Amino acid sequence: MSPDRRILKRLAEVCPGRVKVAEPLAPFTTWKIGGPAQWLAAPQDLEELRRLLALLTGMGRPWHILGRGSNVLIGDRGVAGAVIYLGPPWSWIRVRKRFRHTVHLEVGAGTPLPAMVRYGLRHGLTGLEFLAGIPGSAGGAWAMNAGSHGREMGEVTLALALVAADGQRTRPGRKALAFGYRRLDLDPGSVIVGGVLRAGLGSKTEVARQVQELLRRRKKTQPWQEPSGGSVFRNPSGDSAGRLIEAAGCKGWARGEARVSEKHANFIINRGRARARDVLSLMAAVRQRVYEHSGVLLEPEVRLWGCTLPEPVRRPGSSL
Ligand SMILES: Cc1cc2nc3c(=O)[nH]c(=O)nc-3n(C[C@H](O)[C@H](O)[C@H](O)COP(=O)(O)OP(=O)(O)OC[C@H]3O[C@@H](n4cnc5c(N)ncnc54)[C@H](O)[C@@H]3O)c2cc1C
C-alpha cells in the first residue's frame, strides 16, 4: 500500500465517512475558485478533531483549516495534505452568563457570521452589529480578526477554545490572545473550535436600525452580489488599498474572467469561470502598478493556499 493510501485509511478510521479524496474546493469558497484538497476531512466533534490533528502531526502531513472560505484563494492545482472543514457540527450560540446589561455568549467556530447577526437582532444584542454583511464563520473571523467600521472581533472576545497541533486543548483568555490588524497570532497548526464573546443588552429596534444601515452602506460600496474573496490587499498604515488601486487607474482591469471591481477597487470579482491564476496575475499587475504610482507595496489580505503571488519586478533604483 502506498504511503498516501495508508494515511487515507488512518484518516478514515479517525473520521469515518467524513474524509473525501481530491474533493474540489471551489464550492467551499465565496470566490468559487480553487482546485481539489488532497484530503478533505470534516470532523464532527472535538474528539475526532483532536485525533485527526495528532495523526497528521505524527505523519508529518500539513493541513489547512477551512471556515466559509471567504478569505482564501486556493490554487488551481489544489492543496497538498488535509483541508479540515469546520462546518455545521461546529455551529452553536449559547448564553454562558447573563448580567444586567451584558451577556457572555459561547459561540462555535463553524457558526456563520450572518447567523450571529440574526441572533443579535432577535435578542437585541449590541456590539456585534459590525459583523453584518461579512460572510465568514466565527472561527475565520477570529483567525482574521475580522472587522468593519472601526470595530473588530478581538474587541468583543473574552476567550477562545483551541486545539493545538498535537491535539492538546487550551482556553486562552483575552489577555493571552495577540489580535492584530486582520490577524491573530496562534501557534502553527492550532485550530479555533469556539470562543466566548461579550455583547450588550440593548433595544432590538436600535440594533435592527444599525444593522440595516451597515448593510445598506455595504451594498452601496461593495460588489455585494458577485463572487469575490472580500478585500484582496491589506490597508497600508494610514491609507486604504482601495483608494490607492483606484488612484493608480486599475479599476476595471481584467485577466481572464477575474476583474477589479468598478464598485470597490480592492475587490476582484469572478465573472464566471475565473481561475486562481487569473486572480494572481491580476493581483500582481495591480500591485506593480500601485507601487509604480504611489511607492506603496500592497500586501495580500486574502490567504493563499497552494499558490503564490509573483514578486514585483525590481526597477532600477527601487528599494524593493
Ligand atoms: C463580500 C465580502 C465582504 C467581506 N467583508 C469583510 C469585512 O468587512 N471585514 C473583514 O474583516 N473581512 C471581510 N471579508 C473577509 C472574510 O469574510 C473574513 O475574513 C472572515 O472572517 C473569514 O472567515 P471564513 O470562515 O470565511 O474564513 P476562511 O476564508 O475559511 O479562512 C480564512 C483564514 O482563517 C483560518 N481559519 C478559518 N477558520 C479557522 C479556525 N476555526 N481555526 C483556525 N484558523 C481558521 C483559515 O485557515 C484561513 O487562514 C469579506 C469577504 C467577502 C467575500
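Please read all numbers here as calculations on a predicted model, not as lab measurements.

Cut-offs applied
- Residues numbered from 1 in each chain as written.
- Predicted model: local features only at pLDDT ≥ 70, side-chain atom pairs only at ≥ 80, totals over all residues.
- Heavy atoms only, no water.
- Helix = DSSP H or I, 4+ residues; strand = E, 2+ residues; numbered from the N terminus.
- Rg over C-alpha atoms; globule rule 2.2 N^0.38 Å.
- Buried < 20%, exposed > 50% of the residue type's maximum accessible area, 1.4 Å probe, protein only.
- Contact = heavy atoms within 4.5 Å.
- Areas by Shrake-Rupley, 256 points an atom, 1.4 Å probe, with all protein chains shown as cover.
- Pairing = 2+ DSSP bridges.
- Axes fitted to C-alpha atoms, helices over the stretch in contact; angles between N-to-C directions.
- Core = buried A, V, L, I, M, F, W, Y, C linked by side-chain atoms within 4.5 Å.
- Near = heavy atom within 4 Å.
- Polar contact = N/O pair within 3.5 Å; in protein donor to acceptor, adjacent residues only side chain to side chain.
- Phe/Tyr/Trp six-rings, centres within 6.5 Å; stacked < 30°, edge-to-face > 60°.
- Domains from an automatic or database assignment.
- Salt bridge = Lys/Arg side-chain N within 4 Å of Asp/Glu carboxyl O.
- Nonpolar A, V, L, I, M, F, W, Y, C, P; charged D, E, K, R; others polar.

A. Structural detail: the overall build of the protein. Helix and strand counts for the protein stand at 7 helices and 19 strands. Relative to the globule expectation of 20 Å for 320 residues, the C-alpha radius of gyration of the protein, 20 Å, shows essentially globular dimensions. C-alpha extents for the protein along the principal axes are approximately 60 × 55 × 35 Å. Every one of the 320 residues in the protein was classed for burial, and the buried ones make up 48%. Contacts spanning at least 24 positions in sequence make up 66% of the contacts within the protein whose residues lie at least 6 apart. For the protein, the exposed surface amounts to about 15,400 Å²; the carbon and sulfur share of it is 50%.

B. How the structure looks around the sheet that holds strand E3 (residues 63–66). Spatially, 4 strands are ordered E1-E2-E5-E3 in an open sheet, and the strand pairing comes out mixed. In this open sheet, the two edge strands, each paired with only one partner strand, are strand E1 (19–24) and E3. Strand-to-strand twist of the sheet, defined as the mean angle between neighbouring strand axes without regard to direction, takes the value 35°. Here E3 runs beside strand E5 (residues 79–85); their pairing, made up of 4 bridges, is parallel. Within E5, the position partnered with His64 by the bridge is Val83. Packed on one face of the sheet, helix H1 (residues 3–14) meets E1 and strand E2 (36–41) and runs near 30° to E2. Packed onto the sheet, helix H2 (residues 46–58) meets E2, E3 and E5 and runs at close to 165° relative to E5.

C. Up close: the nonpolar core. Counting residues in hydrophobic clusters, the biggest one holds 30 residues, and the most contacted among them are Met116, Leu131, Trp142 and Leu197. Among the secondary structure elements, those contributing two or more residues to this core are strand E7 (102–108), helix H3 (113–123), helix H4 (138–144), strand E11 (157–163), strand E15 (191–201) and helix H5 (204–221). Ranked by the residues each element gives to this core, the list is headed by H3, at 4 residues. Excluding residues within four positions of it along the chain, Leu131 makes contact with Leu113, Met116, Val117 and Met153. Counting 27 residues, the second-largest nonpolar core is a separate cluster that includes Leu73, Val279, Leu280 and Ala284.

D. Looking closely at the site of the ligand. Taken together, 35 residues lie around the ligand, and Ile65, Gly67, Ser70, Ser137 and Gly147 are the ones closest in. Ser70 places a polar side-chain atom, nitrogen or oxygen, 2.6 Å from an oxygen atom of the ligand. The separation between an oxygen atom of the ligand and a polar main-chain atom of Ala141 is 3.2 Å. Bound to the protein, the ligand loses 92% of the 970 Å² it would expose on its own. Where the shell around the ligand is concerned, the elements lending two or more residues are E3, H4, strand E9 (147–148), E15 and strand E19 (303–305). At 5 residues, H4 tops the list of elements feeding residues into the shell around the ligand.

E. The packing of aromatic side chains, seen in detail. Scanning the model with the defined rule gives 2 aromatic pairs in all. Ring plane angle 75° and centroid distance 5.1 Å describe the contact between Phe28 and Tyr85, whose orientation is recorded as edge-to-face. Placement of the pair is Phe28 in the loop between E1 and E2 and Tyr85 in strand E5, with a sequence separation of 57 residues. An angle of 35° between the planes, with centres 6.5 Å apart, marks the rings of Trp90 and Trp92 as tilted. By relative accessible area, which is 24% here, Trp92 ends up partly exposed.

F. Structural context of the domain arrangement of the protein. The domain architecture assigned to the protein consists of domain 1 (3–85), domain 2 (89–221) and domain 3 (224–320). Taken together, the contacts link 17 residues of domain 1 with 21 residues of domain 3. Applying the counting criterion to the domain 1 and domain 3 interface returns 1 salt bridge. Arg275 serves as the salt-bridge partner of Asp76, at 3.6 Å between the closest nitrogen and oxygen. In this structure, the connection of domain 1 to domain 3 is made through 10 residue pairs in polar contact (both at pLDDT 80 or more). Among the elements of the structure, E3, strand E4 (72–74) and E5 are those that each provide at least two residues to the side of domain 1 that touches domain 3. A per-class count over the side of domain 1 that touches domain 3 returns 9 nonpolar, 6 polar and 2 charged.

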